[in-house]
Amino acid sequence: MSRTVPNPASPATSPAGWSGPLVALGILSLVLGVIVLVWPEATLLVVAITFGLQLIAAGAVRLSVSRDLPSDPGWLRPVSMGLGVLSIVAGVICLFRPNASLFVIAIFIAIGWIAEGIAALAQGFGSDRTTGTRVFLIVCGVVSIIAGLVVAIFPGSSLVLLARLAGIMLILIGIAEIVAAFMARRAAGTGSTGSRPAPAAA
């Protein structure tokens, strides 16, 4: 009688389970970043709505990914979910308070990106990932945190400066997310080939 050695990574906790949403988020970040950069006369309303949508999408993806995170270590899942909620809240405020001051919008964009970066770092350090996936999750988190800090520290005295700066940061975040997702998918594909049927028992 033959038996099959189970794959230690179940579909729920496999990197492939969250690589799809991360690719979609990365593409969205890239597109929104380009739109903000090339928009000839971006208004504060356009900037608030654009980055509000990105923050809400990032928070939703983070919540979706959090459900599939391993229960060990115990802090990883609640921290990831809490930071996802924080990102969504920041996005909602940007959407529904678009007439707030330039400084307020910049601060909430920064809060959302820093929260997302911390969540990515927690996922990279706190879960069992391959080296490549772990590295790119950490890189993605660092890029997001740096982007948030740049926008918070240098919000700019003009809307044009904020739009250009945040647009560039958003494109960098999108690239990092897409690379991390493809690394995760590649790692999942490599891991699935390691599961082979055990020889038949005598």
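**Regarding the nonpolar core**
Ranked by size, the top nonpolar core spans 22 residues in total, and within it Phe-51, Ile-109, Trp-113, Val-151, Leu-162 and Ala-166 carry the most contacts. When residues of this core are traced back to their parent elements, those giving at least two are α1 (16-38), α2 (44-67), α3 (76-96), α4 (102-126), α5 (131-153) and α6 (159-192). Considering every element that reaches this core, the biggest residue donor is α6, with six residues. Membership of the second largest hydrophobic core comes to eight residues, among which are Leu-22, Val-23, Val-61 and Ala-181.

**Focus on the packing of aromatic side chains**
Counted according to the given criterion, the structure contains one aromatic pair. For the pair Phe-51 and Trp-113, a centre-to-centre distance of 5.8 Å together with 70° between the ring planes defines the contact as edge-to-face. Taken as a pair, Phe-51 in helix α2 and Trp-113 in helix α4 lie far apart in primary sequence, 62 residues in all. With respect to class, Phe-51 is no different from Trp-113; both count as buried.

**Considering the packing of α2 against α3**
Between α2 and α3, whose axes approach to 7 Å, the crossing angle comes to 160°. Taken as axis vectors, α2 and α3 run roughly antiparallel relative to one another. In this structure, the crossing between α2 and α3 has a hand that is left-handed. Its residues assigned to classes, the contact of α2 with α3 shows 15 nonpolar, seven polar and three charged.

**Quick notes on the environment of Leu-22**
Mapped onto the secondary structure, Leu-22 falls in helix α1. The class of Leu-22 is buried, set by a relative accessible area of 8%. A sequence separation of 156 residues divides Leu-22 from Ile-178, and the C-alpha atoms of the two residues are 6.6 Å apart. Dropping the residues within four chain positions of it, Leu-22 is found in contact with Val-61, Glu-177, Ala-180 and Ala-181.

**A short note on α3**
Along an α-helix, residues three or four positions apart point the same way, because every turn accommodates 3.6 residues. Over its 21 residues, α3 runs 30 Å from end to end, which matches the ideal 30 Å to within 8%, given 1.5 Å per residue. Burial in α3 covers these residues: Leu-76, Ser-80, Leu-83, Gly-84, Ser-87, Ala-90, Gly-91 and Cys-94. Looking straight down α3, one finds that the buried residues subtend no more than 120° of arc, so they occupy a single side.

**Comments concerning the side chain of Gln-54**
As for its position among the elements, Gln-54 is in helix α2. Overall, Gln-54 belongs to the buried group, its relative accessible area being 1%. A distance of 3.3 Å separates polar atoms of two side chains, one belonging to Gln-54 and the other to Ser-29. Not counting residues up to four positions away in its chain, the partners in contact with Gln-54 are Leu-25, Ser-29, Leu-32, Trp-113 and Leu-170.

**A closer look at the confidence of the model for the protein chain**
For the protein chain, per-residue confidence averages 75 on the pLDDT scale, and 71% of positions sit at 70 or higher. Confidence scores differ between elements of the protein chain, with strand β1 (residues 3-4) showing the lowest mean pLDDT of 46 and α3 the highest of 86. Note that residues 1-13 has pLDDT below 50 and, in this model, 20 contacts with residues that lie over four places away or in other chains. In the model, residues 195-202 has pLDDT below 50 throughout and makes 13 contacts with residues more than four positions away in sequence or in other chains.

**Here's the deal with a nonpolar patch on the surface**
A surface patch of nonpolar side chains, about 330 Å² in accessible area, is lined by Ile-27, Val-31, Ile-35 and Trp-39. Tracing the backbone through its elements, the reader meets Val-31 in helix α1. When its relative accessible area of 43% is taken as the criterion, Val-31 is described as partly exposed.

**What to know about the environment of Ala-147**
Along the chain, the position of Ala-147 falls in helix α5. A sequence separation of 25 residues divides Ala-147 from Leu-172, and the C-alpha atoms of the two residues are 8.5 Å apart. In contact with Ala-147, not counting residues within four places along its chain, are Trp-113, Met-169 and Ile-173.

Criteria and cut-off values
Residues numbered from 1 in each chain as written. Predicted model: local features only at pLDDT ≥ 70, side-chain atom pairs only at ≥ 80, totals over all residues. Heavy atoms only, no water. Core = buried A, V, L, I, M, F, W, Y, C linked by side-chain atoms within 4.5 Å. Buried < 20%, exposed > 50% of the residue type's maximum accessible area, 1.4 Å probe, protein only. Helix = DSSP H or I, 4+ residues; strand = E, 2+ residues; numbered from the N terminus. Phe/Tyr/Trp six-rings, centres within 6.5 Å; stacked < 30°, edge-to-face > 60°. Axes fitted to C-alpha atoms, helices over the stretch in contact; angles between N-to-C directions. Parallel < 35°, antiparallel > 145°, perpendicular 65-115°, else oblique. Left-handed = near helix turned anticlockwise from the far one by under 90°. Nonpolar A, V, L, I, M, F, W, Y, C, P; charged D, E, K, R; others polar. Contact = heavy atoms within 4.5 Å. Expected span 1.5 Å × (residues − 1). Arc of directions from axis to C-beta. Polar contact = N/O pair within 3.5 Å; in protein donor to acceptor, adjacent residues only side chain to side chain. pLDDT = per-residue confidence, 0-100. Patch = residues over 30% accessible without salt bridge, like charges linked within 9 Å, V, L, I, M, F, W, Y side chains within 5 Å. Areas by Shrake-Rupley, 256 points an atom, 1.4 Å probe, with all protein chains shown as cover. Salt bridge = Lys/Arg side-chain N within 4 Å of Asp/Glu carboxyl O.

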